[in-house]
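Architecture at a glance
Single-letter residue listing:
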Amino acid sequence: MADIQTVVVGAGVIGLAIARHLARRGHEVLVLEAEGAIGQHTSSRNSQVIHAGIYYAPGSAQQRLCLRGKAMLYDYCASRHVGHARCGKLTVAPEGRADELSALVMRGQANGVDDLYVISAAELRELEPAVAGAGAMVSPSSGIVDAPGLMLSLLGEAEGAGAALALNAPLLRVRPLADGFEIDVGGEDFTLRCRNLVNAAALGAWDVARSITGFDPALVPTRNLAKGSYFSYAGKSPFSTLIYPMPQVGSLGLHSVLDLGGGVKFGPNMEWVDQVDYTVDPALRPDFEAAIRAYWPDLPDSALQPESAGVRPRIWGPGDAKQEFVFQGEEAHGIKGLVQLFGFESPGLTACLAIGEHVGGMLAN
Ligand SMILES: Cc1cc2nc3c(=O)[nH]c(=O)nc-3n(C[C@H](O)[C@H](O)[C@H](O)COP(=O)(O)OP(=O)(O)OC[C@H]3O[C@@H](n4cnc5c(N)ncnc54)[C@H](O)[C@@H]3O)c2cc1C
């Protein structure tokens, strides 16, 4: 039976960022990943947007980690040659709603995003001729990142610092010991012992928590799944920045998602679902077309194709107040060496490096 200092469950962008941080700090780290490759779920099924941090509750972990993570991510991508672009974002107000833009600027400022400003309809036309609107809020620090490239880089650094990755290795059961954990792993079927266990399994975090012998089920939050689908546009992007509609409750609305090759897709929508299913329903096309034409009236007919979908792992459901990231450490459950992450939806990609640092701070050795 192997003895390892720290096991991280999940090789998405957050698990890998945690593993990288801990390995570079001298931890002996093993990452367990249920799939045959890294990043097959949420981390490769998102908008790849580096968020500025405008909308989170002031003082929340989401807000703090988004701002710190954004700065860390830009520096990281530049130094590690990970594809990214600080392309900026326009939040476009439709006719009659331009007055609301200054409130969005103030909301961002309250969160420490101090570079936001409002432009007029004429300035918007000059900046992005394809976009129609009564004005827009400009967020210069928003951008895009190559999420698969980022994950490969994080893995490379973690491995370079001595971490190991086990693929096709789902965590099945956990038995807490006096000083650590005994873990049964599927696939090759082996058992190992570790001192620290980090549950970064995202959509699988609930099953991991329930697999821990004696773990109080009352501490496992309710799992809610919010699916977001994307449609691709068959042509070059008509915009050079990210184009967002005004934000809605529970979603930032159907926005343009630029890729680093000059293409564009649109999404994600928001649909509460009962199970994880990544198929995109072609019948959503008319809804997408209508939402996109609100800011891009010249979207040609039949130019959108179903592309991909992701599922937000949420701890809040329909009608609930929005909840923020949950980090459960020893003070929450009384189990030394156990850190569990629940509800890591957006901006988890933007914040991943800051999340790695934060989880590192929760584990003494
Ligand atoms: C539609 C959508 C759009 C988004 N857009 C953005 C955005 O633009 N910007 C942004 O900052 N964030 C965005 N996010 C959020 C971001 O994608 C997530 O916060 C982030 O990817 C979560 O990373 P993760 O590592 O926690 O999850 P994942 O990438 O899902 O990784 C978890 C891993 O755990 C593995 N696993 C599960 N159970 C087990 C088990 N029992 N044993 C071993 N392994 C297991 C899974 O196979 C998976 O690889 C978006 C999310 C969605 C869904």
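So, a few notes on the structure that sits alongside this text. (Residues numbered from 1 in each chain as written. Predicted model: local features only at pLDDT ≥ 70, side-chain atom pairs only at ≥ 80, totals over all residues. Heavy atoms only, no water.)

Here the focus is the site of the ligand. In the region of the ligand, 40 residues are neighbours, and Glu33, Thr42, Ser43, Phe344 and Thr350 sit closest. At 3.0 Å, a backbone N or O of Glu345 approaches an oxygen atom of the ligand. Contact between the ligand and Thr350: an oxygen atom at 2.7 Å from a side-chain N or O atom of the residue. Contact with the protein chains hides 95% of the accessible area of the ligand, taken as 1000 Å² for the molecule alone. Mapped by element, the contributors of at least two residues to the shell around the ligand are α1 (13-24) and β18 (304-314). If you count residues domain by domain, the shell around the ligand takes at least three from each of domain 1 (2-47 + 148-222 + 322-362) and domain 2 (86-141 + 225-312). (Near = heavy atom within 4 Å. Polar contact = N/O pair within 3.5 Å; in protein donor to acceptor, adjacent residues only side chain to side chain. Areas by Shrake-Rupley, 256 points an atom, 1.4 Å probe, with all protein chains shown as cover. Helix = DSSP H or I, 4+ residues; strand = E, 2+ residues; numbered from the N terminus. Domains from an automatic or database assignment.)

The next thing to look at is the sheet that holds strand β6 (residues 117-120). In any sheet, the strands associate via hydrogen bonds between backbone groups, in a parallel or an antiparallel arrangement. Within the open sheet, the 4 strands sit side by side as β6-β7-β5-β14. Their pairing is mixed. Two strands close off the open sheet at either side, each with one partner strand: β6 and β14 (242-244). With direction set aside, neighbouring strand axes in the sheet form an average angle of 30 degrees. The pairing of β6 with strand β7 (residues 135-139) spans 4 bridges and is antiparallel. Bridge assignment links Tyr117 to a residue of β7, and that residue is Val138. Contacts from helix α3 (residues 101-110) reach β5 (89-93), β6 and β7 within the one sheet, and its direction differs from that of β7 by about 15 degrees. (Pairing = 2+ DSSP bridges. Axes fitted to C-alpha atoms, helices over the stretch in contact; angles between N-to-C directions. Contact = heavy atoms within 4.5 Å.)

Grouped together as the largest cluster of nonpolar side chains are 45 residues, with contacts concentrated most on Ile18, Leu150, Phe327, Leu341 and Ile355. Among the elements of the structure, α1, β2 (29-32), α2 (61-80), α5 (147-160), β20 (338-342) and α9 (352-362) are those that each provide at least two residues to this core. Top contributing element to this core by residue count: α1, with 8 residues. The contacts of Ile355, once residues within four sequence positions are left out, are Ile14, Leu65, Phe325, Phe327, Leu341, Phe344 and Gly348. Counting 31 residues, the second-largest nonpolar core is a separate cluster that includes Leu90, Val92, Leu242 and Val264. (Core = buried A, V, L, I, M, F, W, Y, C linked by side-chain atoms within 4.5 Å. Buried < 20%, exposed > 50% of the residue type's maximum accessible area, 1.4 Å probe, protein only.)

Moving on: helix α7 (residues 285-293). When we look at burial in α7, the residues that qualify are Phe288, Glu289 and Ile292. Buried residues in α7, looked at end-on, bunch into an arc of 100 degrees, giving them a common side. Turned more than 90 degrees away from the buried face of α7, the exposed residues are Pro286, Asp287 and Ala290. Packing partners of the buried residues in α7 comprise β13 (224-233), β16 (264-267) and β18. (Arc of directions from axis to C-beta.)

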